[in-house]
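Letter by letter, the chains look like this.
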Amino acid sequence: MRLLLVVNTSASSVTARGRVVIQKALSADHDVHVAETSRRGHATRLALGAAADGVDVVVALGGDGTFNEAANGLAGTETALAVLPGGSTNVFARTIGLTNDPIEATGQLLAALARPSSIRRIGLASLNGRYFLFNAGVGFDAAVIAQVEKRSGLKRWAGHPLFVYAGFETWFRHYDRSRPRLVVEFPDGRSVTDGYFALVLNTDPYTFLGSRPLHIAPEATLDRGLAVATFRTLAFIPFIRIIGSALGVGRPVRAHRRLDLRTDLGSFRVKVTGAGGPLPYQVDGDHLGELTEAEFRHEPDVLRLVMPGA
């Protein structure tokens, strides 16, 4: 096969030695070219070029943001996406069954590439036309990610403790918890009018804390429609109970009355209401700015993905 290895050298777990080992391993059985990303959005352009050139598979080595960019370049084409974990959390790679070590994951990928059945079409979600692989958020979780990205130099070394610290800092200092700001409108005319923030999921888990997954919507898979969890409170005790349930402690997430969870959705809208201006949003773990309205859609069978467990 013709492969393009797209490397984000700034990703937390990508090293010069690791890249050489991965490149040599892939080159043993495939025609491999390598390209490094140099700025945000570069992986999308590299993937678009690879698809136009008839490359069989784009292998993205980096974090979830790199995977997202590559997926946006390959959606709707015949070129498949493969991922190798190089970030701090690697949510998508772990979700589809890859080990968190990039060298070991390369062995899994090579085994998958040897099986034609391992490449399958999956559905993607989109936010205002931007595709995402596993989740997007409007409100609190995006504000947390924004605080983490302000300390990007620490991300490689601090990892998950940095996210926990940023979560508490955002809670107490950087997010307005005084009133609900979101309305979620569904195609059937129903709506949630008292949302504090919303998580939209194309897969489960939402993320990982160390080795532990946070299961917000186990029903969310790459073969089904979207799930949206609208948090109707940010009071400390109820919120912590919901997070505990996502970690497998206590009653199921769906049982919390201050959380509205809906699944198998083809589309819906999220609107920011009241004073205070727009809210931050994130896509696949990257803070992308602020918005006042978001249209979410599910696009079935739009991306060819190399699945290591297929």
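Going by the structure above, here's the rest.
What you see is a predicted model, and the numbers here were worked out from it, not measured in a lab.

**Student:** Give me the overall build of the protein chain: which residues, what numbers.
**Tutor:** Within the protein chain one finds nine helices and 18 strands. Once local pairs closer than 6 in sequence are excluded, the contacts in the protein chain between residues at least 24 apart make up 73%. For the protein chain, the computed accessible surface area is about 12900 Å², with 52% contributed by carbon and sulfur atoms. In the protein chain, 34 side chains carry a positive charge and 29 a negative one; their mean positions are 6 Å apart.

**Student:** Describe the pattern of salt bridges, naming the residues involved and giving the relevant values.
**Tutor:** In the structure shown here, the tally under the stated rule is 15 salt bridges. The salt bridge partner of Asp286 is Arg40, with a shortest N-O separation of 3.8 Å. Taken together, the residues span a long stretch of sequence, with Asp286 in strand β17 (residues 286-291) and Arg40 in the loop between β2 (31-36) and α2 (42-52) at a distance of 246 residues. You can call Arg40 exposed: its relative accessible area is 51%. Several salt bridges share partner residues, and in doing so they unite Arg269, Glu293, Glu295 and Arg297 into one network.

**Student:** Residue-level account of the sheet that holds strand β13 (residues 226-231), with values.
**Tutor:** With respect to topology, six strands assemble into an open sheet ordered β14-β13-β10-β7-β16-β17, the strand pairing being antiparallel. With one partner strand each, in any of the chains shown, β14 (259-265) and β17 form the two edges of the open sheet. For this sheet the average axis-to-axis angle between neighbouring strands, irrespective of direction, equals 15°. Across four bridges, strand β7 (residues 135-138) lies against strand β10 (residues 197-201) in antiparallel orientation. Within β10, the residue paired with Ala136 across the bridge is Val200.

**Student:** Provide a residue-level description of the packing of aromatic side chains, including the pertinent values.
**Tutor:** Applying the stated criterion across every chain, the model contains nine aromatic pairs. The interplanar angle of 55° and the centroid separation of 5.7 Å between the aromatic rings of Phe140 and Phe197 together place this pair among those described as tilted. A residue pair is termed long-range when its members are at least 10 positions apart, and Phe140 in helix α6 (residues 140-149) and Phe197 in strand β10 qualify at 57 residues. The pair Phe140 / Phe197 is uniform in exposure class, with both members buried. Clustering of aromatic rings is evident, with ring pairs tying together Phe140, Tyr175, Phe197, Phe231 and Phe239.

**Student:** Account for the packing of helix α1 (residues 16-27) against helix α5 (residues 102-113), naming residues and giving values.
**Tutor:** Here α1 crosses α5 at 15°, and the two axes come no closer than 10 Å. When the interaxial angle is binned, α1 and α5 end up roughly parallel. Here α1 runs over α5; the crossing is right-handed. Mapping the contact onto sequence places Gly18, Val21, Ile22, Ala25 and Leu26 in α1 and Pro102, Ile103, Thr106, Leu109 and Leu110 in α5. Split into classes, the residues belonging to the contact of α1 with α5 amount to eight nonpolar, two polar and no charged.

**Student:** Lay out the side chain of Thr79 with the relevant residues and their values.
**Tutor:** In this fold, Thr79 is placed in the loop between α3 (64-74) and β4 (80-85). On the basis of relative accessible area, Thr79 is assigned to the buried category, the value being 4%. In this structure the side chain of Thr79 is engaged in a polar contact, spanning 2.7 Å, whose partner is the backbone oxygen of Val55.

**Student:** Go over the nonpolar core with me, naming the residues and quoting the values.
**Tutor:** The biggest cluster of nonpolar side chains holds 54 residues, and the ones touching the most others in it are Val59, Leu81, Phe92, Leu303 and Val306. Among all residues touching Val59, those that are not within four sequence positions of it are Leu3, Leu4, Leu5, Val6, Leu26, Ala82, Leu84 and Leu109.

**Student:** Any details on the side chain of Thr170? Residues and values, ideally.
**Tutor:** As for its position among the elements, Thr170 is in helix α8 (residues 160-174). Residue classification places Thr170 among the buried residues on the basis of a relative accessible area of 0%. Beyond its immediate sequence surroundings of up to four residues, Thr170 is in contact with Phe140, Ala143, Val144, Gln147 and Tyr175.

**Student:** Got a sec to walk through the pairing of strand β15 (residues 267-272)? Specific residues and values, please.
**Tutor:** Residues Phe268, Val270 and Val272 line the buried face of β15, whereas the alternating positions Ser267, Arg269 and Lys271 sit on a face that is not buried. Pairing between strand β8 (residues 182-185) and β15: four bridges, direction antiparallel. Residue pairing across strands places Glu185 opposite Arg269, the latter belonging to β15. Across five bridges, the pairing between β15 and strand β18 (residues 293-306) is antiparallel. Considered in β18, the bridge of Phe268 is made with Phe296.

**Student:** Now, about empty space enclosed by the protein: what can you tell me, with residues and values included?
**Tutor:** Enumeration over the complete set of coordinates arrives at one cavity of 30 Å³ or more. Here the largest cavity defines a volume of roughly 40 Å³. Residue lining of the largest cavity: Ala82, Val83, Ile96, Leu98, Leu109, Ala112, Val306 and Pro308, and that is the complete set. For the lining of the largest cavity, the elements supplying multiple residues, two or more each, are β4 and α5. For the lining of the largest cavity, the per-class residue count stands at eight nonpolar, no polar and no charged.

Rules and cut-offs
Residues numbered from 1 in each chain as written. Predicted model: local features only at pLDDT ≥ 70, side-chain atom pairs only at ≥ 80, totals over all residues. Heavy atoms only, no water. Helix = DSSP H or I, 4+ residues; strand = E, 2+ residues; numbered from the N terminus. Contact = heavy atoms within 4.5 Å. Areas by Shrake-Rupley, 256 points an atom, 1.4 Å probe, with all protein chains shown as cover. Lys, Arg positive; Asp, Glu negative; His and termini not counted. Charge placed at Lys NZ, Arg CZ, Asp CG, Glu CD. Salt bridge = Lys/Arg side-chain N within 4 Å of Asp/Glu carboxyl O. Buried < 20%, exposed > 50% of the residue type's maximum accessible area, 1.4 Å probe, protein only. Pairing = 2+ DSSP bridges. Axes fitted to C-alpha atoms, helices over the stretch in contact; angles between N-to-C directions. Phe/Tyr/Trp six-rings, centres within 6.5 Å; stacked < 30°, edge-to-face > 60°. Parallel < 35°, antiparallel > 145°, perpendicular 65-115°, else oblique. Left-handed = near helix turned anticlockwise from the far one by under 90°. Nonpolar A, V, L, I, M, F, W, Y, C, P; charged D, E, K, R; others polar. Polar contact = N/O pair within 3.5 Å; in protein donor to acceptor, adjacent residues only side chain to side chain. Core = buried A, V, L, I, M, F, W, Y, C linked by side-chain atoms within 4.5 Å. 1 Å grid on protein atoms, 1.4 Å probe; cavity = no way out; pocket = protein on both sides within 12 Å on 5 of 7 lines; lining within 4 Å. Points joined across faces, edges and corners; volume = space filled by probe spheres on them.

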